[in-house]
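Here is what each chain is made of, one letter per residue.
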Amino acid sequence: MAGDPTVLNSGENGGGTLMGIHWFHPPVYIGTDRPEFTYVCTNVEGAAAELMKWTKRGPKWKEAIEACVALIKGERTPDDVRKAFEAAAEKEGLLRSSD
């Protein structure tokens, strides 16, 4: 439909890990530096890459980064990272609706 934002998807997922990708569900929808685009993040690696692009790095950003590092160490789950990433995106005003 005309006027709908373009959606960028970080990949399809079924949960778990496949080829080094740590998938999570449901996806997290975030705004990008281009207002017409929404990024659909479905994995930890995509979340970490997006977090590194942010210029605002407050406490929620730090928690999300720490969750990513803890996942690598085997101390957290992909869902833990998803929740921390979503909270950071919400705090920074980047969280978008899936609608």
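So, how was this worked out
- Residues numbered from 1 in each chain as written.
- Predicted model: local features only at pLDDT ≥ 70, side-chain atom pairs only at ≥ 80, totals over all residues.
- Heavy atoms only, no water.
- pLDDT = per-residue confidence, 0-100.
- Helix = DSSP H or I, 4+ residues; strand = E, 2+ residues; numbered from the N terminus.
- Contact = heavy atoms within 4.5 Å.
- Phe/Tyr/Trp six-rings, centres within 6.5 Å; stacked < 30°, edge-to-face > 60°.
- Buried < 20%, exposed > 50% of the residue type's maximum accessible area, 1.4 Å probe, protein only.
- Pairing = 2+ DSSP bridges.
- Axes fitted to C-alpha atoms, helices over the stretch in contact; angles between N-to-C directions.
- Parallel < 35°, antiparallel > 145°, perpendicular 65-115°, else oblique.
- Left-handed = near helix turned anticlockwise from the far one by under 90°.

Quick notes on the confidence of the model for the protein
For the protein, the average pLDDT comes to 86, and 81% of its residues sit at 70 or higher. Per-element averaging of pLDDT across the protein places strand β1 (residues 6-9) at the bottom with 45 and helix α3 (residues 78-91) at the top with 98. Below pLDDT 50 for its whole length, residues 1-15 participates in 27 contacts with residues either more than four positions away or in separate chains.

Some remarks on the packing of aromatic side chains
A complete count under the given rule lists one aromatic pair for this structure. Seen in terms of ring centroids, W54 and F85 are 5.9 Å apart; in terms of plane orientation they differ by 25°. Their pairing is stacked. Taken together, the residues W54 in the loop between α1 (44-53) and α2 (59-72) and F85 in helix α3 connect sequence positions 31 residues apart. By relative accessible area, W54 is classed as buried at 8%. Its relative accessible area of 0% is what places F85 among the buried residues.

Some thoughts on the pairing of strand β3 (residues 21-31)
Here five bridges tie β3 to strand β4 (residues 37-43), and the two strands are oriented antiparallel to one another. Bridge pairing links V28 to C41 in β4. Between β3 and β4, which pair antiparallel and follow one another directly, the connecting turn spans five residues.

Side note on the packing of α1 against α3
Where α1 meets α3, the axes come as close as 10 Å, and the angle between the chain directions of the two elements is 30°. Relative to α3, the element α1 lies roughly parallel. For the pair α1 and α3, the crossing hand works out as left-handed. Only P78, V81, F85 and A88 of α3 make contact with α1, whose side of the interface consists of V44, A47, E50 and L51.

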